[in-house]
Amino acid sequence: MKKIVWISLLLTFGGSAFSQSQEAAASDTSWMHIYRKTATKINDLVHTRLKVSFDYDKAWMYGEAWITLHPQFYPTDSLTLDAKGMDIQVVDLVKGSRRLPLKYTYDSLQLHITLDKTYSEGTDYTLFIRYISRPNLLKEHGSAAITDAKGLYFINPRGTDKNKPIEIWTQGETESNSVWFPTIDKPNQKTTEEIYMTVPAKYVTLSNGLLISQKANHDGTRTDYWRLDLPIAPYLFFMGVGDYAIVHDHYKNIPVDYYVEHKYASVAKKIFGETPAMIGFYSKILGVPYVWPKYDQIVGRDYVSGAMENATATLHEEDAYQNARQLVDGNRWEDDISHELFHHWFGDLVTCESWSNITLNESFADYGETLWDTYRHGQDAGDARSEQDRENYLANPDNETKDLVRFYYKDKEDVFDGVSYAKGGAILNMLRHYVGDSAFFKSLNLYLNKYKFKSTEAQQLRLAFEEVTGKDLNWFWNQWYYGSGQPDLTINYEYQNQQERVIIDQTQKTGKVFKLPFYIDGYSKGYQKKRYPVWVKNLADTFYFPSAQKPSWVNVDAEKILLAKKTDNKGADEFEQQYEFAGNYMDRKEALEYFAHNKPDDLAMGLKDRYFGLRLYTLEHYEKGITYTDPPVLSVIEKMAESDPSKKVQAKAIELLAKLDNAKYQPLFTKFVDDSSYSVAGASLEGLIKLEPDQAYTLAKKYSGDAMGELAQVIASVLAKNPHPEDFPILLDIYRNSPISQTKVQETINFAKYLVTVKDSAQAKEGVDEIMNFRNKIPEQYRKYVDPVFRQMFTRIAGTQRDAGNSGAADYIENLIP
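Residues numbered from 1 in each chain as written. Predicted model: local features only at pLDDT ≥ 70, side-chain atom pairs only at ≥ 80, totals over all residues. Heavy atoms only, no water.

Explanation requested: the sheet that holds strand 20 (residues 313-317) in the structure shown.
Adjacent strands of a sheet form backbone hydrogen bonds with each other and so pair up, either parallel or antiparallel. Ordered in space as 16-17-18-20-19, the five strands form an open sheet in which the pairing is mixed. The strands lining the two open edges of the sheet, one partner per strand, are strand 16 (245-251) and strand 19 (307-308). In the sheet, strand 17 (residues 254-260) pairs with strand 18 (residues 295-300) via four bridges, with the strands oriented parallel. Bridge assignment links Tyr258 to a residue of strand 18, and that residue is Gln297. Contacts from helix 4 (residues 275-286) reach strand 16, strand 17 and strand 18, with the element oriented near 35 degrees to strand 16. Relative to the sheet, helix 6 (residues 334-342) contacts strand 18, strand 19 and strand 20, its axis offset from that of strand 20 by approximately 150 degrees. (Pairing = 2+ DSSP bridges. Helix = DSSP H or I, 4+ residues; strand = E, 2+ residues; numbered from the N terminus. Contact = heavy atoms within 4.5 Å. Axes fitted to C-alpha atoms, helices over the stretch in contact; angles between N-to-C directions.)

Any chance you could explain the packing of aromatic side chains here in plain terms?
Within the structure shown, the criterion is met by 57 aromatic pairs. On the basis of an interplanar angle of 55 degrees and a centroid distance of 5.8 Å, the ring pair of Phe440 and Phe465 is categorised as tilted. Of this pair, Phe440 sits in helix 10 (residues 437-451) while Phe465 sits in helix 11 (residues 458-469); the two residues are 25 residues apart in sequence, bridging distant segments of the chain. No difference in accessibility class separates Phe440 from Phe465, as the two residues are buried. Each residue in the set Phe281, Tyr282, Tyr290, Tyr295, Phe342, Trp345, Phe346, Phe364, Trp372, Tyr375, Tyr447 and Tyr451 is aromatic and connected to the rest through ring pairs, giving one cluster. Of note, Lys537 hangs over the ring of Trp535, and the distance from its end group to the ring centre comes to 5.4 Å. (Phe/Tyr/Trp six-rings, centres within 6.5 Å; stacked < 30°, edge-to-face > 60°. Buried < 20%, exposed > 50% of the residue type's maximum accessible area, 1.4 Å probe, protein only. Lys NZ or Arg CZ within 6 Å of the ring centre and 35° of its normal.)

Explain the pattern of salt bridges here, please?
Side-chain pairs of opposite charge can arise whenever the charged atoms involved come near each other. Per the counting criterion, the structure on display carries 53 salt bridges. The residue Arg775 makes a salt bridge to Asp787 at a minimum N-O spacing of 2.8 Å. Of this pair, Arg775 sits in helix 24 (residues 761-775) while Asp787 sits in helix 25 (residues 780-803), and the two are 12 residues apart along the sequence. Residue Arg775 shares its accessibility class with Asp787, and that shared class is buried. Within the structure, one salt-bridge network assembled from shared partners comprises Asp335, Asp366, Glu369, Arg385 and Asp389. (Salt bridge = Lys/Arg side-chain N within 4 Å of Asp/Glu carboxyl O.)

Looking at this structure, I do not really get helix 13 (residues 572-582). What am I missing?
For an α-helix the count is 3.6 residues per turn, leaving residues at separations of three or four pointing the same way. Within helix 13 the residues assigned to the buried category are Ala572, Glu574, Phe575, Glu576, Gln577, Gln578 and Tyr579. Where the residues of helix 13 are buried, they touch strand 28 (553-556), strand 29 (565-568) and helix 14 (585-598). At the exit of helix 13 stands Gly583, carrying a positive phi of roughly 95 degrees.

Before we go on, may I ask you to explain the environment of Pro157 in this structure?
Mapped onto the fold, Pro157 is located in the loop between strand 9 (152-155) and strand 10 (167-170). Separated by 340 residues in sequence, Pro157 and Asn497 place their C-alpha atoms 80 Å apart. For Pro157, the residues in contact, after removing those within four places along its chain, are Tyr56 and Ile166.

In this structure, what is going on with the confidence of the model for the protein? I would like to understand it.
Caution applies to low-pLDDT parts of the model: their predicted coordinates are not meant to be read in detail. For the protein, per-residue confidence averages 94 on the pLDDT scale, and residues scoring 70 or more make up 95% of the total. Considering only residues more than four positions removed or in separate chains, one finds that residues 143-147, a stretch of pLDDT under 50, has 30 contacts. (pLDDT = per-residue confidence, 0-100.)

For this particular structure, what's the right way to read the pairing of strand 4 (residues 86-95)?
Each regular strand carries side chains that alternate between the two faces of the sheet. One ladder, built from seven bridges, connects strand 4 with strand 8 (residues 125-133); its direction is antiparallel. Residue pairing across strands places Val90 opposite Arg130, the latter belonging to strand 8. One ladder, built from four bridges, connects strand 4 with strand 5 (residues 98-101); its direction is antiparallel. Bridging across to strand 5, Leu93 finds its partner in Leu100. Between strand 4 and strand 5, which follow one another and run antiparallel, lie two residues, and Gly96 among them has a positive phi close to 65 degrees.

What is the right way to read the packing of helix 8 (residues 379-394) against helix 9 (residues 419-435) from this model?
For any two helices packed against each other, one specifies the inter-axial angle together with the distance between the axes. Relative orientation of the contacting elements helix 8 and helix 9 amounts to 135 degrees, with a least axis distance of 8 Å. Relative to helix 9, the element helix 8 is oriented oblique. Every pair of crossing elements has a handedness; the one defined by helix 8 and helix 9 is left-handed. Of the residues in helix 9, those in contact with Ser386, Asp389, Arg390, Asn392 and Tyr393 of helix 8 are Val419, Ala422, Lys423, Gly425, Ala426 and Asn429. Looking at the contact of helix 8 with helix 9, its residues break down into four nonpolar, four polar and three charged. (Parallel < 35°, antiparallel > 145°, perpendicular 65-115°, else oblique. Left-handed = near helix turned anticlockwise from the far one by under 90°. Nonpolar A, V, L, I, M, F, W, Y, C, P; charged D, E, K, R; others polar.)

Can you walk me through the sheet that holds strand 26 (residues 528-536) in this structure?
Taken together, the three strands give an open sheet; going across it, the order is 26-25-28, and neighbouring strands pair in antiparallel fashion. The sheet is open, and its two edges are formed by strand 26 and strand 28, each paired on a single side. Looking at each pair of strands side by side, their axes are set apart by 20 degrees on average, direction ignored. Two strands pair when backbone bridges link them, and strand 25 (residues 516-524) and strand 26 are joined in this way by nine bridges, in the antiparallel orientation.

Looking at this model, I keep getting lost on the side chain of Asp521. Mind explaining?
Mapped onto the elements of the fold, Asp521 is located in strand 25. Polar contacts involving the side chain of Asp521 include one to the side chain of Arg531, which spans 2.8 Å. When sequence neighbours within four positions are dropped, the list of residues in contact with Asp521 reads Lys529, Lys530, Arg531, Trp553, Val554, Asn555 and Ala558. (Polar contact = N/O pair within 3.5 Å; in protein donor to acceptor, adjacent residues only side chain to side chain.)

Following this line, the structure appears as C-alpha cells:
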C-alpha cells in the first residue's frame, strides 16, 4: 500500500493542536505491555466463492459465500469468522447437494460457528453463508496510510454529484475486507477465490484473477465471473465497478489492462505504460517470473489511500490521473506504480505473517521504487530516491523510537509509517551493499521461491540471506530490524607522522552503539583514490591510513549508504574536490549543501550538474535568498530558463528571473507562457503579471481554459484577488483538481478566503462542499484536531451569506462540522 503522508499535512494545518494531540497520545503507554502475536491458526482457509449484487440506493451489498476450510493441525468442532457489521441470514454446512443449518452466535464483528462434528487435520469442510454487507453503518478508523476502514465503498451511488462518477471499490488492508465477505481476516491465511458480481449492464467490473465469463440478465444487469486459482491473503481480495474505459496492454502473453475514466483513455498508456517494462525488470532482477495470470490497474474516486496492491488488480487514487500537459513535467505517479507492482512479489506472493512484520511487504515495495528508478532513469535517480527515504525517515523524530519489526503497538494501523516504509527501504539498501549485489538478489530469489504462496516473519528473510552468504547476520537483524533509531556521527580528520587519521564519534543520546561496515576513500591529487573497508563498532573509533603526503581529501561512507545523521567536518576546498571527483549523487549534494550555507560563491557548480534534481536543488537554494544577480551566475540561469532539458528546472529558472522584475525578460515570458508544460507556463505567466500588474486579470482569464498545476495556482491567485461571479467555476475546478499534497493545505486556506467574498449562495455551498471533500479524506481520528480550522473558515463564509440575506446557506455551512 502506498500511503498519503497525512502527518506532515496535519502539522501544517492543525498546527500546535495536532502536535499537542500527538503528545497526549504518546502519554498513553498501556499498549506497550500488549504483545502482538501472530494470529493463531485453528482453521485454514482453502477456497472462497462469492456471489454478490449491489443496492446503490441503500449502499448495501447482498452476498452469498461458500467457504472451504480445514483444521490447521488440532481437531476442532468450531470456527470463528470475521464478519464486520453484517446482517447474517443463513449459516449452513454444505453436504453434497444438501445444506445443514448450523448453530452460531454473532456479535457484529465475529461469527462464532458450531460445526456438525469434530474435524481432523487435512479434512475439508464447506460453509454456506447468506448475508448483507452494510459498510456505511460500520464505524472503524484508519491510519496515516488509510483514512478509514469500511472495506466496501459506494462512491456517489445515487448519482447526485454530477461532477463525480458512480463507482464501487474495496479496500482490504489491514483487516477490512471482512466488512464485505466473511473470512478469517488475517495476513497469515491464504485462499483461492471465485467472485460472481452482478452489476448494471452499463458498468464494467474488475476483480482478482481472470474474467472467466459474462452473463446478461433479463433485468438489465450482467453477472461477471472472476477466478483466481493461486492463493492470496484475504486482505488482497478486490472488487471494482464503474463506467470505465479499459485500455489494453500486455507483458509477453500476460494481459496488462488499465481501467480509467473515459476522458483519460488517450493518456492511460502514458501514465501506466511503463508497467510491462517494470514486470520484465523485476522478473529478471529477482530471477522469479511474475506468477500471476494478469495485471490490471484501476483508478478510484475518493480513495482512502494512495494505492493498494490487490492481487492482479491494483487500485490507485485519482491523483494518478494526469493529462498530456501534466505528463510533460514527468509522471508523478511512476513511483506508486512500481511500488504496487513490486508488492506482487513481496506482499502478494510472499506475505508478512503478522502486521508486526509489515516490513516484509512495505520496506521491499519502497525499495522497489529505488530499483526501478535506477534502472529506468539512471544511478543518480536511484540514489536520489534512496536519499529521499533517509530524509523522510529522519524528518520525524518519533520514528527514531520505533523498531522496524514491532511486536508492541497501539493499533495495527500504526505500523504503516515512515519506519516500515522509508527506514525499511534504507535498511535494505545497506544490506545490499554489505552482502554485495549478487548475494543480495540470490538471497531474495531463495526467499521468494522457498516461501511463495506462504506467510513469513523477518527471521525467515535472515535465514535466506545466511543460507546464501554463509554469514551470521543476527547482528544486522538485531540492530536494524529489532532495534530502533540510527547513529549520529561526527567525523574529524587529522594528518601526522605520514598517517591520515579519521576519527568517528557516535553521538546519539540513546545509549546504543551501532556496528557500521562501510568504505573510506582517500584521495591524492584530488582524483587518485584508494579504498579502505572499515567497521565502526564503538562510540569512538579512529582509523589510521598510511600516506606519504597529506591526502587531498577523504570520503567517509564512500558509497553514501549509511542511514545516519552526519556532521562531516571538512572544509570548502575538500568539498569542492568531493563535488568534482567523487561523482555520486550524495557526494555532490553534500557539497552543494555545504556551499549553500558556508561558501555561496561555489553553489554555482550545481547549476551545471548532470542530474536535473541537483540543478533544481541548487536553484531552490538561490530562491531562499542567495544572491544570483552576479553576471556569471545570472547568465547560466538565463540559459536554463531558455533551454534546460528538464521542464521542472526550466520553470524554476524562469521563476527566479520573474522575481527580478526586469522588463528585458518579457520576451522570454511571452515565449514560454504557451509552453506545453504547466510548470513552465505558470512561471512565465507569473513573470508577465509582475511586469504588467494592470493586465493580471486579463492574462489570467486568457490562460484559464487549460490550467492545472503551477499554471492553475497562478491563475487562481489572480482571480481570487479580483473576484467575479463568472469566475467561480474556474476557481472551483482548480481547487478540485489539485492533488493532495503539502500545497493542498495552503490552497484550501486560499480557496476559503475567496469564498468569504462570494455572495451567491449556490456557489458558496458548492465551494464549501468541495472543501469538505478534502476534509473528509483526513483520517477520522485526526479530524478533531483540524476541524477548528475548518469551522473557523466556514463561520466566516457563513457570515458573508448571512449578510447577503442567504440565511439558509449560512445555516447549511455552519452546520457542516458538528
